[in-house]
Amino acid sequence: MGFNGAELGAEGPLIERETSYMVNARYSFLSILDAMGFQIAGTDGAVPTYQDMCSKVNIPLKTGTISWVTLLGANQIHSVSDFEDDTEWTPGDQGSDMEAKGKQLFTGMNYMHRFSRNTRLENRLSYQYFESKIDQYKLNYPDGEKTPGYKGTSAEGRGSWHANLHHRINSRHFFTSGTGIDLYMTDLNTTDKDIVLNNYRKNSALINGFVQWQYRLNENITFTPGVYGQYYTLSRDYSIEPRLGMKMKITPRTALSLGTGLYSQLQPRQVYFYEVDGELVNKSLEMSKSWQSVIGYDFKISNNLRLKTEVFYQHLYHIPVIPDLPAESILNFGDDYENDWNYIFQNKGKGRNYGLELTLERFFNNNYYFLVTASLYDSRYKGYDEIERHTKFAGNHTLNTLFGYEWKLKKGRLLSLNAKVSWMGGKRYLPMSMEHEGGDIMYDYTQAYSEHLPDYFRCDLNFNMKKNYRKFSLEWFVELNNITNHKNLWIKYYNANRGQEEKIYQYSFMPIGGCKLYFQSSRKK
């Protein structure tokens, strides 16, 4: 239990001792704290709430196992502009009243049947459902008059069946093959200023299969070739994708790895289902393609310290681009509250991603551990105009560090400190024009994604004190999120009333604390 919510979990044997279960549930307190008058740091009146539950049951059989997993979750956030501070507003400004809700359900069963020591079959049957709702109004200052804004309900159910067969011929040859189908049931309804943008409910399916052979040439070299295939029923598009992996042990402490192959990706269902005069104008879009390669070097410096280096390159083609917006690409879409997919696309775009990744990891030993990951990269695309530009997500550098230390105190107490530091390049954006027509903001596509937001920086600290008793354990924790109170810019937007850009920042310093109880029970056989 903490300031932000409560969590309850249990696990153990069920019925027979060989059968086990696990269940966990969470519920947030932030809305209760807000109602009591506490200000939630950095959310500017937007108080997130959530509740979720997950469970797993594992049943061993004579010739295999059955496992069943379930996940339920819901979240909500409601943000209303605060007009009480007159210094922040000018008559004619527009605030917002926005509520976003989400639901998620997943349930799935996996049956593993072992035919022999060398052959087993895995069958997975599952269903998942996602729903997202956004309801937004514009508020006029100072009278608070509401005008309709963006409203949207996006939902999709997915039924899946997948089967994988694993067969070991001998110590040098191991085969894996599989097939499956995903059935998508998509429902989308969106309006903007009471104008209908999308309103449909449609189904489609993706059929896939693969075969993979792992060949151990000797004790030091292993090859893994394979072929993956998929077929999308709506567009009648298919893809055959050869892939190859190799790992070579150079010395007892060093190893070289290589991977290369073709990968394909469906377009978002909203793109396929866009209608113009009753016709699905994007129905025949092909999958996006990526031929990607990576070379890795793994160096075991000591028994507790490892260094891993990877160099990667991705060549993207058949990327959907927009003739009416020749400087744009679908590679820049999908991370906003209001995502507009209503364009006619063509598979004439290209792109490339390349970079270097370094990982230095010290495994927990002598009371401490650390993990450092760093990446230098670039991400570029070509739109319909065939001019190369940075993508929206070309931050160019990322650094993440983790560190933890434990102290064993008297009377069975354990004190631990964990720290996390993240530093990454800011996302790129479309510069906004200082001219607007009918209240709609104009974007300067001649400078598309040439500028980026300031770098993101955040440092978190976590303190834990744990005490073990005979039948339970008690743990106290304090989390200090964004301890430097760094102002990380979230978005910039154009205020048409003032004729200038405005900024919205992510949450500032946020302390969270609480306690956890771990109970132990014993059962006689």
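The rules we used
- Each chain carries its own residue numbering, running from 1 in the direction its sequence is written.
- pLDDT decides what is reported in this predicted model: residues at 70 or higher carry local features, side-chain atom pairs at 80 or more are listed and counted, and totals for whole chains, interfaces and linings draw on all residues regardless.
- Note: side-chain values were computed over all heavy atoms of the structure, leaving out hydrogens and water.
- Secondary structure elements follow DSSP: runs of H or I of four or more residues count as helices, runs of E of two or more count as strands, with numbering from the N terminus.
- Relative accessibility under 20% of the residue-type maximum defines a buried residue, over 50% an exposed one, and the middle range a partly exposed one, all with a 1.4 Å probe and only protein chains included.
- Any two residues whose heavy atoms approach within 4.5 Å are treated as being in contact.
- Using a 1.4 Å probe, accessible areas were evaluated by the Shrake-Rupley method; residue-level cover was limited to the displayed protein chains.
- As used throughout, the charge tally considers Lys and Arg to be positive and Asp and Glu to be negative, leaving His and the chain termini uncounted.
- Lys charges are placed at NZ, Arg charges at CZ, Asp charges at CG and Glu charges at CD.
- Salt bridges are counted wherever a side-chain nitrogen of Lys or Arg sits within 4 Å of a carboxyl oxygen of Asp or Glu.
- Here, strands pair whenever DSSP counts at least two bridges between them.
- What is meant by a nonpolar core is a set of buried Ala, Val, Leu, Ile, Met, Phe, Trp, Tyr and Cys residues, joined one to another through side-chain atoms within 4.5 Å.
- Here, patches come from residues exposed beyond 30% relative accessible area and free of salt bridges, joined within 9 Å for like charges and within 5 Å for nonpolar side chains (Val, Leu, Ile, Met, Phe, Trp, Tyr).
- To pair, rings of Phe, Tyr and Trp, with the six-membered ring standing in for Trp, must have centres within 6.5 Å; the planes then decide the type, stacked if under 30 degrees apart, edge-to-face if over 60, and tilted in the middle.
- A 3.5 Å cut-off defines polar contacts: any pair of N or O atoms within that distance qualifies, except that in protein one atom must be a possible hydrogen donor and the other a possible acceptor, and neighbouring residues in sequence count only when both atoms are side-chain atoms.

Engineer: Residues and numbers for the overall build of the protein chain, please.
Structural biologist: Helices and strands together make up the secondary structure of the protein chain, namely 2 helices and 31 strands. With respect to the principal axes defined by its C-alpha atoms, the protein chain has extents near 75 × 60 × 45 Å. Counting over 525 residues, the protein chain shows a buried share of 31%. When contacts within the protein chain are restricted to residue pairs at least 6 apart in sequence, long-range pairs at least 24 apart make up 59% of them. Here the protein chain has roughly 31000 Å² of accessible surface; of this, 56% comes from carbon and sulfur atoms. Mean positive and mean negative side-chain charge positions of the protein chain (60 and 58 charges, respectively) differ by 17 Å.

Engineer: Talk me through the side chain of Glu122; I want residue IDs and the actual numbers.
Structural biologist: For Glu122, the position within the fold is in strand 6 (residues 119–140). Once residues lying within four places of it in the same chain are set aside, the contact partners of Glu122 are Asn110, Tyr111, Met112, His162, Ala163, Asn164 and His166.

Engineer: I'd love a proper account of unusual backbone geometry, names of residues and values included.
Structural biologist: Glycine aside, residues mostly have negative phi, and peptide bonds are mostly found in the trans state. The amide bond that connects Tyr141 to the next residue, Pro142, takes the cis arrangement and shows omega of 10°. Positionally, Pro142 belongs in the loop between strand 6 and strand 7 (146–168). Although it is not a glycine, Asn482 sits at a positive phi angle of roughly 55°. Locating Asn482 in the fold gives a position in the loop between strand 28 (472–481) and strand 29 (489–495). The exposure class assigned to Asn482 is buried, which follows from its relative accessible area of 1%.

Engineer: Give me the lowdown on the pattern of salt bridges, citing residues and values where you can.
Structural biologist: The tally for this structure, following the rule as stated, stands at 20 salt bridges. The partner of Lys151 in a salt bridge is Asp135, with the nearest N and O atoms 4.0 Å apart. Residue Lys151 is found in strand 7, and its partner Asp135 is found in strand 6; the two are separated by 16 residues along the sequence. Classification of Lys151 by relative accessible area gives partly exposed; the value is 26%.

Engineer: Provide a residue-level description of the pairing of strand 3 (residues 47–61), including the pertinent values.
Structural biologist: Direction of pairing for strand 3 relative to strand 4 (residues 64–80): antiparallel, over a ladder of 15 bridges. Within strand 4, the position partnered with Val57 by the bridge is Trp68. Linking strand 3 back to strand 4 in an antiparallel pair, the connection comprises 2 residues.

Engineer: Lay out the nonpolar core with the relevant residues and their values.
Structural biologist: Counting 20 residues, the largest nonpolar core has Tyr232, Leu266, Tyr272, Ile330 and Phe345 as the members making the most contacts within it. Among the elements of the structure, strand 8 (173–192), strand 9 (195–216), helix 2 (269–272) and strand 16 (305–322) are those that each provide at least two residues to this core. With 3 residues, the top contributor of residues to this core is strand 16. Not counting residues within four places of it along the chain, the set of residues in contact with Ile330 comprises Gln267, Pro268, Val271, Ile319, Pro320, Trp341 and Phe345.

Engineer: Give me a negative patch on the surface: which residues, what numbers.
Structural biologist: Among the surface-exposed residues, Asp82, Glu84, Asp85, Asp86 and Glu88 lie close enough to one another that they form a single negatively charged patch. Note on placement: Asp85 falls in the loop between strand 4 and strand 5 (94–114).

Engineer: Break down a nonpolar patch on the surface for me, with residues and values.
Structural biologist: A surface patch of nonpolar side chains, amounting to about 830 Å² of accessible area, comprises Leu125, Trp161, Ile181, Ile207, Val211, Val227, Tyr231, Tyr238 and Ile240. Put simply, the parts of the chain that give the nonpolar patch at least two residues each are strand 9, strand 10 (221–232) and strand 11 (237–251). Along the chain, the position of Ile181 falls in strand 8.

Engineer: Which residues make up the environment of Thr65, and what are the values?
Structural biologist: By secondary structure assignment, the location of Thr65 is in strand 4. Put simply, Thr65 and Ala327 are 262 residues apart on the chain and 53 Å apart in space, counted from C-alpha to C-alpha. Ignoring sequence-local partners within four residues, the contact set of Thr65 consists of Ile59, Pro60, Asn110, Tyr111 and Met112.

Engineer: Outline the packing of aromatic side chains, supporting the account with residue identities and numerical values.
Structural biologist: Per the stated rule, a full pass over the model turns up 15 aromatic pairs. Ring geometry for Phe175 against Trp213: centres 6.1 Å apart, planes inclined by 10°, an arrangement best described as stacked. Residue Phe175 is located in strand 8, and its partner Trp213 is located in strand 9; the two are separated by 38 residues in the primary sequence. The exposure class of Trp213 is partly exposed, given its relative accessible area of 30%. Between the aromatic rings of Phe333 and Tyr343, the centroid separation amounts to 6.2 Å while the plane-to-plane angle is 65°, which identifies the pairing as edge-to-face. Within this pair, whereas Phe333 is found in the loop between strand 17 (325–329) and strand 18 (346–365), its partner Tyr343 is found in the loop between strand 17 and strand 18, the two being separated by 10 residues in sequence.

Engineer: Please set out the environment of His318 residue by residue, giving values where relevant.
Structural biologist: Here His318 is to be found in strand 16. Judged by its relative accessible area of 27%, His318 falls in the partly exposed class. Sequence separation between His318 and Gln346 is 28 residues, and the spatial gap between their C-alpha atoms is 8.3 Å. Discounting chain neighbours no more than four positions away, the residues touching His318 are Glu286, Met287, Ser288, Lys289, Asn347 and Gly349. A polar atom in the side chain of His318 sits 3.0 Å from the side chain of Glu286.

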